[in-house]
Amino acid sequence: MHAASRPLVHLTDVGRDFDVSKPWLNRLVEGAPRQLLRAVDGVSFDVKRGETLALVGESGCGKSTVARLIVGLYALSRGRIEFDGIDLAAPGTDAPALRRRMQMIFQDPYASLNPRWRVRDIVAEPIRVLGLAASPQAERDRVAELLRQVGLAPEDGEKYPHEFSGGQRQRISIARALSGNPEFLVCDEPTSALDVSVQAQILNLMTELQERLGLTYLFISHNLAVVSHIADRVGVMYLGRVVELAGAAELFAAPRHPYTRMLMDAIPDLQMTGKARTPVAGEVPNPLAPPAGCAFHPRCPHANARCRSERPLLTGSGAAAVACHAVEERRL
Amino acid sequence: MSPAPLLEVRGLRVEFPTRRGTLVAVDDLSFAIAPGEVLGVVGESGAGKSLTGMAIIGLLEPPGRIAAGEIRLEGERIDQLPPERMRRIRGRRIGAIFQDPLTSLNPLYTVGDQLVETILTHLEVDRDEARDRALKLLAEVGITAPAARIDHYPHQFSGGMRQRVVIALALCAEPSLIVADEPTTALDVSIQAQVIALLKRLAREHGTAVMLITHDMGVIAETADRVAVMYAGRLAELGPVREVIHQPRHPYTAGLMGSIPKIGALKRHDRLVQIDGAMPRLNAIPAGCAFNPRCPKRFERCFAERPEPLQVGNALASCWLYADARR
């Protein structure tokens, strides 16, 4: 395939289990079995160059685990992740070299910056690790440029993280992520810890940087309104699986999966059109014992016998895909 | 004329004496809540909204203290009561709901024990009656099969269910006022809608006044009758929720509303309205209007004089832009 049309990141049937068994001695005494939690199960999608793909879902749906699998903070249990056409786990792949081209921004700007380091050292760390600066002067210039790029002053480099507000700290995180010249940024709830007015600043900054530097984003969020603003395409996750994947405009105009519809109905109505929010019955089931068939069937108003026994696959034509028997059978 | 207020706060000032001087966290705040009314209090972190709630329920952490103003509940002044009398009012006449349901519940007691103990503390009933009442409360807040769940421990409940238990606890003695501090923030959206519907129903059916403290304008839009917008410990705007949302008067409220992403409102790559800068720290609140460094409409008077809440339409806005409109 031609390099430019090839997706930058390609996930095939990716899965990750966590062992949540009791300690060995307890298992021995109580006769308890091993317990595996399938945090991510059979997830496949592409991220195209220059686009923003968002993953949304409620807590525990596995969206952050997918982010961490891609950047290599967790090892894969199943499946394949390709970056720029190269399988990251294949023998002989120089995975660290590929992973240099991706960086991550975390949710909590209070926990993700070392409080004992000056900001200039925090931002310069990737430059030093990757050996990107020829001289100390070049490094200083680059740090100053990065700080300016994210809307801070070069003099701010002399300060420590505690001297900054939450929004400014997230700017520092972004400067650090950019310092390694990445092509791909994985952003795990980058604005969830911020106040709305600061969130707007950070979202605007991320949009600007994407246009200026040609970045590709994977944007993880639970906030559909934020996602509708920043994403080109959206994947909706439920209990470790992608249930719907579509262009942002199509998804928000006409959600197809019953879970996506439920999420949309549950968004507070700020326009005050008088539309009552439909409170959805039930909660996300225990991921240790996910329901058979479609994981959403206990909460789904359209579930039938097939939904309770057979797991729906993500099917659909190019732009929009959905994993739902009801949609496939045109019952919905 | 509106009914006599259930809660009246007048000129409230909350201070924190520190070694480097006194920090004023809530400054000259006045509002009232009528029976059965839901008043939303919004603001960003550090705006003083939670401290206002804490001052009302008498749980300010020392060295924080009420330095001026008064708080009246059903006409009775409650801000200067001795701790023991305030403790009787808390739970009996004011119920509190906090953000994190796990920290509001004792993990070592069953949910039923906690409810029964609270009921016995505040109402003159025997243990069996208290247990019956606890079962009714659990059913009322939407816990299915309360008879089976009442003897469970908090960790056996999910987040949304725990928050329902906390609401049941707050309702034990049928308080006339509920102070709910970010009751839905720790919950997923689908659960959030359920809890909000519950709070609304309680206010309507029991005539309970609710002070709903949150940073989430969406929650306010759905739940509140009126909304108070706080900025740097001061009241920026107070009015009917429809007016404040559709026709914000204070430039801060306008910026806040514009900065909230809305589905379908903007095209991809459009920029959100952005208020530059951040809320001032408590030790560096500028003279005049606290919002003046970030305000797009500021003029000389904003730097010199602190604006009083001025009547604009049905709302109050603390902004000099409306000084002429009053006359």
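Here we come to the overall build of chain A. A tally of helices and strands in chain A yields 12 helices and 11 strands. Since a compact globule built from 332 residues should have a radius of gyration of about 20 Å, the 21 Å found for chain A is in line with a globular shape. Seen through its principal axes, chain A has C-alpha atoms that stretch 70 × 60 × 45 Å. Relative to its full complement of 332 residues, chain A shows a buried share of 42%. For chain A, long-range pairs separated by at least 24 residues make up 65% of all intrachain contacts whose partners lie at least 6 apart in sequence.

Before going further, it helps to spend a moment on unusual backbone geometry. Cis rather than trans, the peptide bond between P62 of chain B and P63 of chain B has omega equal to 5 degrees. Position of P63 of chain B relative to the elements: it lies in the loop between α1 (49–56) and β4 (65–73). Backbone geometry places E189 of chain A, a non-glycine residue, at a positive phi of 50 degrees. Of note, E189 of chain A is situated in the loop between β7 (184–188) and α7 (196–213).

So, about the pairing of β4 of chain B. Residue and element names in this part refer to chain B. When strand β1 (residues 7–18) meets β4, the two strands line up antiparallel, connected through seven bridges. Note that in β4 the partner of R13 across the bridge is A68. In this sheet, strand β5 (residues 76–77) lies alongside β4 in antiparallel orientation, the contact comprising two bridges. Pairing of L73 across the sheet is with E76, part of β5. Once β4 ends, the chain turns through two residues before running back antiparallel as β5, passing E74 with a positive phi of about 50 degrees.

This paragraph deals with the interface of chain A and chain B. Listed by partner, the interface residues are 34 residues for chain A and 37 residues for chain B. Listing elements by their share of the side of chain A that touches chain B, those giving two or more residues are α7, α8 (224–230), α9 (248–253) and α10 (258–265) of chain A. When residues in the side of chain A that touches chain B are grouped by element, the largest group, nine residues, is from α7 of chain A. Of the residues belonging to the side of chain A that touches chain B, the class tally is 18 nonpolar, 10 polar and six charged.

On to helix α4 (residues 111–122) of chain B, then. Look at α4 of chain B: 17 Å from first C-alpha to last across 12 residues, which is about the 16 Å you get at 1.5 Å a residue. Burial in α4 of chain B covers these residues: V111, G112, Q114, L115, V116, T118 and I119 of chain B.

This part is about the domain arrangement of chain A. Residue and element names in this part refer to chain A. Domain boundaries assigned for chain A yield domain 1 (9–101 + 183–328) and domain 2 (110–182). Here the C-alpha centre of domain 2 lies 30 Å away from the C-alpha centre of domain 1. Contacts between the two partners involve 12 residues from domain 1, matched on the other side by 11 residues from domain 2. At the level of secondary structure, the elements contributing two or more residues to the side of domain 1 that touches domain 2 comprise β7 and α7.

With antiparallel pairing, the four strands of this open sheet are ordered in space as β2-β1-β4-β5 (chain B). Both outer strands of the open sheet, β2 (21–33) and β5 of chain B, are each paired with one neighbouring strand and no more.

For the rest of this paragraph, the subject is the environment of L113 of chain A. Residues and elements named next belong to chain A. Position of L113 relative to the elements: it lies in the loop between β6 (102–105) and α4 (119–130). Between the C-alpha atom of L113 and that of S197, which follows or precedes it by 84 residues, the distance is 22 Å. Leaving out residues up to four positions away in the same chain, L113 has contacts with I122, P161, R169, I172 and S173.

With that out of the way, let us pick up helix α5 (residues 136–149) of chain A. Residue and element names in this part refer to chain A. In this model α5 runs 20 Å from its N-terminal to its C-terminal C-alpha over 14 residues, within 8% of the 20 Å that 1.5 Å per residue would give. Turning to α5, its buried residues number three or more, namely V143, L146 and L147. Considered in projection along α5, the buried side chains sweep an arc of 95 degrees and stay on one side of the axis. Counted as exposed and oriented over 90 degrees from the buried face of α5: Q137 and A138. Along its buried surface, α5 packs onto α4 and α6 (166–178). In the segment just after α5, G151 is the residue with positive phi, at about 85 degrees.

The rules behind these values
Residues numbered from 1 in each chain as written. Chains lettered and ligands numbered in written order. Predicted model: local features only at pLDDT ≥ 70, side-chain atom pairs only at ≥ 80, totals over all residues. Helix = DSSP H or I, 4+ residues; strand = E, 2+ residues; numbered from the N terminus. Rg over C-alpha atoms; globule rule 2.2 N^0.38 Å. Buried ≥ 20, exposed ≤ 12 C-beta atoms within 10 Å, placed from the backbone. Contact = placed C-beta atoms within 7 Å. Pairing = 2+ DSSP bridges. Nonpolar A, V, L, I, M, F, W, Y, C, P; charged D, E, K, R; others polar. Expected span 1.5 Å × (residues − 1). Domains from an automatic or database assignment. Arc of directions from axis to C-beta.

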